[in-house]
Amino acid sequence: MHVGFIGLGNVGGKLAGSILRNGFDLTVHDLNEDLVAAFVARGALRGTSPRQMAKDCDVVITCLPSPAACAAVVEGPEGILDGIGPGTIWAEMSTTDANDVKRLSGLVIAKGAEAIECPVSGGCHRAATGNISIFAGCTRPTFEKALPFLTVLGRRVLHTGPIGSASVLKVVTNYLATANLVSLAEALVTCKAAGMDLNTSYEAIRISSGNSFVHETESQVILNGSRDISFTMDLVAKDAGLFQAIAEAHDVPLELSPLLNRIFADGIDRFGPRELSPNIIKRLEQATGLDIRAPGFPAEMKDDEPEEPGYEVVPRNIRPLAAE
């Protein structure tokens, strides 16, 4: 299987690395030539354009920072639509708008090709080892065709239903992670203000009902001081806005989500859109004059689980669907 990968950023570069590491033929494309050159040095081919990659590859994967960027790569000049046809799969791994991915997928399918949306969740450190989780929205036959490369990219692969479903669930999970991050920032600052030892506070949260994946990852880089989780405030704001838009479209009167959007808008105003997202805690550090750091925590997260073959996660009481 020949895989094309477009978008070699924080997440995309690590996912493409899993493809290359596991012996697939790989062609890469990115606006940053240095990122492309690094992959070429490791044995990948340099893609000349999305159009040419769609013609030459069995699968073309996009992992891009915004819906607008994805639309440009798919339907712009020299885009995927100009080269894709029967027998080829377009796999969209970006966190994007469900309506946009449905529209673009329709254009791809009209060319006789197949489409799957497969955003990932679990952090950049797990993307690097192939242990990240993948949500896959598509028909069941397309899912079955895609499973061989999806189980290389990720450990746990969930077929979420038709195209659009994975994008909805991805922004839901990112919303929950954002709520966790903001509440942990408040908790850690309050612990420090109350005279608690931060190393002890970290462990107390970790072994309690208040624990979470975000605490076990982002709290560590917060306490280290690096705040480096390879995710920035503008991306949090994009995802939080997508979640809010879904709720508004379905007349759900949310209370916490609008507040989280305002908190990150304020963080961007203060620190800039490309500030690392865990530094949202700086708002409270500045307000209190407290320094929320402690010794013994890593500057960045490393996946301590060995790379293992991926598998399909089947929801409770549901058997894999027959071909649609």
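First, a word on what this report is: a plain description of the structure on this page.

Reading the values: the criteria
- Residues numbered from 1 in each chain as written.
- Predicted model: local features only at pLDDT ≥ 70, side-chain atom pairs only at ≥ 80, totals over all residues.
- Heavy atoms only, no water.
- Helix = DSSP H or I, 4+ residues; strand = E, 2+ residues; numbered from the N terminus.
- Rg over C-alpha atoms; globule rule 2.2 N^0.38 Å.
- Buried < 20%, exposed > 50% of the residue type's maximum accessible area, 1.4 Å probe, protein only.
- Contact = heavy atoms within 4.5 Å.
- Areas by Shrake-Rupley, 256 points an atom, 1.4 Å probe, with all protein chains shown as cover.
- Lys, Arg positive; Asp, Glu negative; His and termini not counted.
- Charge placed at Lys NZ, Arg CZ, Asp CG, Glu CD.
- Salt bridge = Lys/Arg side-chain N within 4 Å of Asp/Glu carboxyl O.
- 1 Å grid on protein atoms, 1.4 Å probe; cavity = no way out; pocket = protein on both sides within 12 Å on 5 of 7 lines; lining within 4 Å.
- Points joined across faces, edges and corners; volume = space filled by probe spheres on them.
- Disulfide = S-S within 2.5 Å.
- Pairing = 2+ DSSP bridges.
- Right-handed = clockwise from strand over helix to strand, strands pointing away.
- Expected span 1.5 Å × (residues − 1).
- Arc of directions from axis to C-beta.

Focus on the overall build of the protein chain
Scanning the protein chain for helices and strands turns up 13 helices and 10 strands. Relative to the compact-globule value of 20 Å for 324 residues, the protein chain shows a C-alpha radius of gyration of 20 Å, a close match. For the C-alpha atoms alone, the extent of the protein chain along its principal axes is close to 65 × 50 × 40 Å. Per-residue burial for the protein chain yields a buried fraction of 51% across its 324 residues. Counting contacts in the protein chain only where the partners sit at least 6 residues apart, residues at least 24 apart contribute 69% of the total. As presented, the protein chain carries roughly 14500 Å² of accessible surface, and 55% of it is formed by carbon and sulfur atoms. The positive charge centre, built from 28 side chains, and the negative charge centre, built from 39, are 2 Å apart in the protein chain.

A few points about the pattern of salt bridges
Within this structure, the stated rule accounts for 19 salt bridges. Ionic pairing is found between Asp291 and Arg293, a salt bridge with its closest N-O pair at 2.9 Å. For Arg293, a relative accessible area of 48% puts it in the partly exposed group. Where salt bridges share partners, they join Arg126, Arg155, Glu305 and Glu308 into one cluster.

Considerations on empty space enclosed by the protein
Think of a ball as big as a water molecule: rolled over the atoms, this probe shows where empty space is left. A full pass over the atoms with the stated rule returns 1 cavity of 30 Å³ or more. In terms of lining, the largest cavity is formed by Thr96, Asp97, Ala98, Ser167, Val168, Val171, Leu242 and Ile246. Within the residue set of the lining of the largest cavity, elements represented by two or more residues are helix 8 (165-193) and helix 11 (233-249). Here the element with the most residues in the lining of the largest cavity is helix 8; it accounts for 3 residues.

Digging into the state of the cysteines
Evaluated as defined, the whole model comprises 0 disulfides. Cys138 takes part in no disulfide bond, and the closest cysteine sulfur, belonging to Cys118, lies 8.0 Å away. Under the relative-accessibility criterion, Cys138 is labelled buried at 1%.

Some points on unusual backbone geometry
In this model, Arg227 sits at a positive phi of 60°, which is unusual for a non-glycine residue. Mapped onto the elements of the fold, Arg227 is located in the loop between helix 10 (213-224) and helix 11. Phi at Asp251 takes a positive value of approximately 60°, unusual for a residue other than glycine. Relative to the elements of secondary structure, Asp251 occurs in the loop between helix 11 and helix 12 (256-271). For Asp251, a relative accessible area of 68% corresponds to the exposed category.

What to know about the pairing of strand 5 (residues 89-92)
A regular strand carries its side chains on alternate faces of the sheet. With burial as the criterion, each face of strand 5 is covered, one bearing Ile89 and Ala91 and the other bearing Trp90 and Glu92. By the bridge criterion, 4 bridges tie strand 4 (residues 59-62) to strand 5 in an arrangement that is parallel. In the sheet register, Val59 faces strand 5, and the bridge partner there is Ile89. With helix 4 (residues 67-75) bridging strand 4 and the parallel strand 5, this β-α-β connection has right-handed handedness. The parallel pair strand 5 and strand 6 (residues 114-117), bridged by helix 5 (residues 98-110), forms a crossover whose chirality is right-handed.

Digging into helix 12
The end-to-end C-alpha distance of helix 12, which contains 16 residues, comes to 22 Å, matching closely the 22 Å that a straight helix rising 1.5 Å per residue would cover. Looking only at helix 12, the buried set comprises Ser257, Leu260, Ile263, Phe264, Gly267 and Phe271. In a view along the axis of helix 12, the buried residues occupy a sector of 120°, so they form one face of it. Exposed and facing more than 90 degrees away from the buried side of helix 12 are Arg262 and Asp269. Buried residues in helix 12 make contact with helix 8, helix 11 and helix 13 (282-288). Downstream of helix 12 by a residue or two, Gly272 has a phi angle that is positive, lying close to 100°.

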